[in-house]
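Structural description and commentary
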Amino acid sequence: MDQLRVNIDISNWQTVDDVVMGGRSRSNIVEADGVLRFEGEVSLENNGGFCSARNAGLWDLGGATGLVWTMRGSSRDFEATLRTAEIPESTSFRCAFRPEADWQDFDFKFDDFRLFRRGQLVSEVERPDPSQLVSFGFLLADASPGPFWLELERILANT
């Protein structure tokens, strides 16, 4: 596996929470002991219910079959998100995972991702093009209010 270096510099990350639609959830990204920590609280008030974070860049992973993310977190149903250059801003490819408190490797195959737009499934067929990756991140929209945390140690590309 070739390593895709995750930029832990939090200035390259942004959070997007349901406040963009009137909700009251909140999240932030911090660096803690050399790992990226995504934390916050999901609120269902005002039709809210999601927190997300993403990093922007440009990665040509042509030939890769997927990504292995080393993570740990609160036992909630998160989604890994990927965006590619050819999809609109309001869409992302998603793949579900559930981290536990101990470090785990999540092996996300590009074939396991599905295309969503604003929470709605757009395509069961379309897959991300690894040569056009412009963003990766996390989404928590499990319809459960309360605090959460997720830590990312590294990302490896399967080639």
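The following paragraphs examine the structure supplied in this document. (Residues numbered from 1 in each chain as written. Predicted model: local features only at pLDDT ≥ 70, side-chain atom pairs only at ≥ 80, totals over all residues. Heavy atoms only, no water.)

This paragraph deals with the environment of I10. Structurally, I10 can be placed in the loop between strand 1 (2-4) and strand 2 (13-17). As for I10 and Q120, which are separated by 110 residues in sequence, their C-alpha atoms are 29 Å apart. Setting aside anything within four residues of it in sequence, one finds I10 in contact with I29, V30 and E31. (Helix = DSSP H or I, 4+ residues; strand = E, 2+ residues; numbered from the N terminus. Contact = heavy atoms within 4.5 Å.)

What links the strands of a sheet is backbone hydrogen bonding, and the strands pair in either a parallel or an antiparallel sense. Strands sit in the order 2-5-12-7-8-10-11 across an open sheet of seven strands; the sheet is antiparallel. Both outer strands of the open sheet, strand 2 and strand 11 (120-123), are each paired with one neighbouring strand and no more. Across the sheet, the axes of successive neighbouring strands diverge by a mean angle of 35°, strand direction being ignored. (Pairing = 2+ DSSP bridges. Axes fitted to C-alpha atoms, helices over the stretch in contact; angles between N-to-C directions.)

Relative to the elements of secondary structure, E79 occurs in strand 7 (residues 78-84). Among the residues examined, E79 registers a relative accessible area of 17% and is labelled buried. When residues no more than four places from it in sequence are discounted, the contact partners of E79 are R94, C95, A96, F97, G137, F138 and L139. (Buried < 20%, exposed > 50% of the residue type's maximum accessible area, 1.4 Å probe, protein only.)

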